[in-house]
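# Structural description and commentary
Residue-level listing of the chains:
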Amino acid sequence: MATTRVMARTLATFYAFGGAAGLLMVADIEPGGRRTVLAVFCCAALVTAAAVARWGARGPRWFFHAAVGAATFLIAGAVLLAPHPITSMAAATLVTFIVVDAHFFFSPRLALAHLVVAIVTITVALLLSGVGPGTTLGFDLMLASVGIVIRQLVALASSASLDPLTGLSNRRGFDSALDELMSEASRTGDALSAVLIDVDHFKSVNDTYGHEEGDRVLRRVADVWRREVPAGAFLARHGGDEFSLLLPGVTGNAALALVRRVCAIDPAISLSCGIAQYRPGDSASQLMRSADRALYDAKTLGRGRAELFVDGSPARAEGSWAPRLR
């Protein structure tokens, strides 16, 4: 599934283009009450687009379910208010945005739920607007096919950025999210913290209990952190026993408190963590090298702890960042 920032940007784009397309359709409708209400719907879509673009990335994931659902009923309302069947069909085509959003944003099961709601709602609206049942059912099949194709494309694209053991993003997905979140932090001035998480003595677990037990430990770490990190956070597995976490909108001290709280949830698994906060002018390499230095300090100080990189620590190196061999 997409990050909340990507979701907000995509949703805002679709709301904006949907509202603009609706206004163009309204221009061909004769003046009257229906035209006025439709114009209000379109303007509401444009206002929503601006609001989502500005604040949507900070919203919880349920917000995007609500926004996609609201757009479905907004389009259905436009279909019902359209003065004749041709205009109703034109308005109904906007629901393809809903199908794309749902399959891009949500898990297959939730995307299917949105697709079913959209098809049922638009079908009823089209039939009530005088569109023939054959045309309506043909349109439904088109929506279903779009959903199937988008899901296949999303699954194909996601598989290249997923770790097969934990289901988290891999290094490729992390690097992409890091670039995106750093650009956003640089533009807005919002806080951004990076965390490196290392399972202590992981080689000993594999050597003593076998790789199956090692895999179980990694999955357990992934499950705990995935459940506990806030909405908008980006969690990834780099490979081996190392995980990484990006916390947009979270300061270094707040990230340190969060990391210590999550580490305490499962004390049977010892973790060493390094945290660094983005500072204006930092490159991605600098930010991650700072987190790597803090992780090194955590291990040097006895493992099973979290450390925050602060001013006065050794100078950060330039160049490409790569995990330190441990």
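One can find the structure itself at the top, above this paragraph.
Calculation criteria
Residues numbered from 1 in each chain as written. Predicted model: local features only at pLDDT ≥ 70, side-chain atom pairs only at ≥ 80, totals over all residues. Heavy atoms only, no water. Pairing = 2+ DSSP bridges. Helix = DSSP H or I, 4+ residues; strand = E, 2+ residues; numbered from the N terminus. Axes fitted to C-alpha atoms, helices over the stretch in contact; angles between N-to-C directions. Expected span 1.5 Å × (residues − 1). Buried < 20%, exposed > 50% of the residue type's maximum accessible area, 1.4 Å probe, protein only. Contact = heavy atoms within 4.5 Å. Salt bridge = Lys/Arg side-chain N within 4 Å of Asp/Glu carboxyl O.

Attention shifts here to the sheet that holds strand S3 (residues 242–248). Strand order across the open sheet formed by 5 strands is S2-S3-S1-S4-S5, with mixed pairing between neighbours. Of all strands in the sheet, those bounded by a partner on one side alone are strand S2 (234–239) and strand S5 (306–308). Geometrically, the sheet is characterised by an average inter-axis angle of 20° between neighbouring strands, direction not taken into account. Pairing geometry for strand S1 (residues 192–199) and strand S4 (residues 271–277), over 7 bridges, is antiparallel. If you follow Ala194 over to S4, its bridge partner there is Ala276.

Each full turn of the α-helix corresponds to 3.6 residues, which orients residues three or four apart in the same direction. Counted at 1.5 Å a residue, the expected span for helix H2 (residues 33–55) with its 23 residues is 33 Å, and the 33 Å between its end C-alpha atoms agrees. Along H2, the residues that are buried comprise Leu38, Cys42, Ala45, Ala49 and Val52. Of the surrounding secondary structure, the elements contacted by the buried residues of H2 are helix H1 (4–26) and helix H3 (61–81).

Quick look at the side chain of Thr121 now. Tracing the chain through its elements places Thr121 in helix H6 (residues 108–128). Thr121 gets classed as buried once you look at its relative accessible area, which sits at 16%. With residues up to four places along the chain from it excluded, the contact list for Thr121 reads Thr72, Phe73 and Ala76.

Under the counting rule described, the total for this entry stands at 14 salt bridges. Residue Asp175 is joined to Arg171 by a salt bridge in which the shortest nitrogen-to-oxygen separation is 3.1 Å. Placement of the pair is Asp175 and Arg171 together in helix H8 (residues 171–188), with a separation of 4 residues, close to one helical turn. Here Asp175 falls in the partly exposed class, since its relative accessible area comes to 28%. The exposure class assigned to Arg171 is partly exposed, which follows from its relative accessible area of 25%. Put simply, Asp297 and Arg293 hold a salt bridge, and the shortest N to O gap is 3.1 Å. Of this pair, Asp297 and Arg293 both sit in helix H12 (residues 284–300), 4 residues apart, which is roughly one turn of the helix. Through salt bridges with shared partners, one network takes in Asp198, Asp200, Lys299 and Arg303.

Attention shifts here to the pairing of S3. Buried residues dominate S3, accounting for 6 of its 7 residues. Direction of pairing for S1 relative to S3: antiparallel, over a ladder of 7 bridges. Note on S3: the bridge partner recorded for Ala194 is Leu246. Here 5 bridges tie S2 to S3, and the two strands are oriented antiparallel to one another. Within S3, the residue paired with Ala236 across the bridge is Ser244.

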